[in-house]
Structures are given as C-alpha cells and as structure tokens.
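These are the residues of each chain, in order.
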Amino acid sequence: MGRELTRTEKAAIRRLVSKWCANYDRDCGCLPLDCECYMFGKCWTGAYCRYFREAVLPLDPALEAALLTEGPRPDFKTCPVCGRAVAPDGRQTYCSAACAKAAHRRQQREYMRKKRG
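Let me begin by describing the structure that accompanies this report. A quick note: this is a predicted structure, and the numbers were derived from the prediction, not measured. (Residues numbered from 1 in each chain as written. Predicted model: local features only at pLDDT ≥ 70, side-chain atom pairs only at ≥ 80, totals over all residues. Heavy atoms only, no water.)

## Re the overall build of the protein chain
Along its length, the protein chain carries 4 helices and 4 strands. In the protein chain, the succession of α and β elements from N to C terminus is α-β-β-α-α-β-β-α. A globule of 117 residues ought to have a C-alpha radius of gyration of about 13 Å, yet the protein chain, at 19 Å, is considerably larger. Structurally, the protein chain occupies a C-alpha span of about 70 × 30 × 20 Å along its principal axes. (Helix = DSSP H or I, 4+ residues; strand = E, 2+ residues; numbered from the N terminus. Rg over C-alpha atoms; globule rule 2.2 N^0.38 Å.)

Here's what the structure looks like:
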C-alpha cells in the first residue's frame, strides 16, 4: 500500500488540480469521468490519475518527489533566499547557484558593515 498523505500534500494536490488540470471543471468536476475529481478525495499515496501524474504533478517537483518515492517522505528544506524546496542532498542549503550567490553577497555585506563599525 502507501503512506497517508499529509495535510499540506492534500492541499498542494487540490491547488494543482484546480489551477492546472485540463480535465477539471469547477462546475462538473472531472470531465472524462463525469463526476467529482478523484484526486480531491485522495488520502493515501499509490494510484493517481494518469493525467495528473504525467502532466500536472511535474509542475511541483518537491511534491512529485514526495509522492512518487517509495518509503517515508523525504524532508525537504526551504531555501533561505527564495523559499523554494531544496532536496536533502548532503550539505546543500540553496536551491540554485543564483540563490547561493545572493546569500554570499548578503553575508559579505554584513561582515564588512560589522568590520567597519
């Protein structure tokens, strides 16, 4: 089977479906199934709507990694500069080289300000 989805994962799935799913209509629900969207009632990891898994889920890489990996959910850190998710890769703190550069510039500015004052 799978693990139970967290509250934030359920909210993220709901947000992705209502915003990006081409098969979802606010009035009718899921257009191909002609009923309420299957992904809204999802409580466990496992089987997902094929269109959601292939077209919508890749829009949120952190959620995709959390839902499609086997075993316990990896704990993603947030980037201190922009707030995006950073995969737990050893000592990696920032999501990109641009964020790392921005943080380094800020640290250097603070250091020089402290040194002068």
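Now that the structure has been shown, the text picks up again.
## What to know about the packing of helix α1 (residues 7-20) against helix α3 (residues 61-68)
Between two packed helices, the angle of one axis relative to the other and the distance separating the axes together describe the packing. The contact between α1 and α3 brings their axes to 11 Å, and the two run at 125°. By the angle class used here, α1 and α3 are oblique. Handedness of the crossing formed by α1 with α3: left-handed. Across the interface between the two elements, Glu 9, Ala 12, Ile 13 and Leu 16 of α1 pack against Leu 63, Ala 66 and Leu 67 of α3. Looking at the contact of α1 with α3 residue by residue, the class counts come to 6 nonpolar, no polar and 1 charged. (Axes fitted to C-alpha atoms, helices over the stretch in contact; angles between N-to-C directions. Parallel < 35°, antiparallel > 145°, perpendicular 65-115°, else oblique. Left-handed = near helix turned anticlockwise from the far one by under 90°. Contact = heavy atoms within 4.5 Å. Nonpolar A, V, L, I, M, F, W, Y, C, P; charged D, E, K, R; others polar.)

## Brief notes about the pattern of salt bridges
Enumeration over the complete set of coordinates arrives at 2 salt bridges. For Glu 54, the salt bridge is made with Arg 53, and the minimal N-O distance between the two is 3.8 Å. Taking the relative accessible area as the measure of exposure, Glu 54 reaches 54% and is therefore exposed. Glu 110 is the partner of Arg 106 in a salt bridge, and the nearest nitrogen-oxygen pair spans 3.7 Å. Linking Arg 106 with Glu 110, this pair stays in helix α4 (residues 97-116), spanning 4 residues, or about one helical turn. Given a relative accessible area of 37%, Arg 106 falls into the partly exposed group. Take Glu 110: its relative accessible area is 44%, and that puts it in the partly exposed class. (Salt bridge = Lys/Arg side-chain N within 4 Å of Asp/Glu carboxyl O. Buried < 20%, exposed > 50% of the residue type's maximum accessible area, 1.4 Å probe, protein only.)

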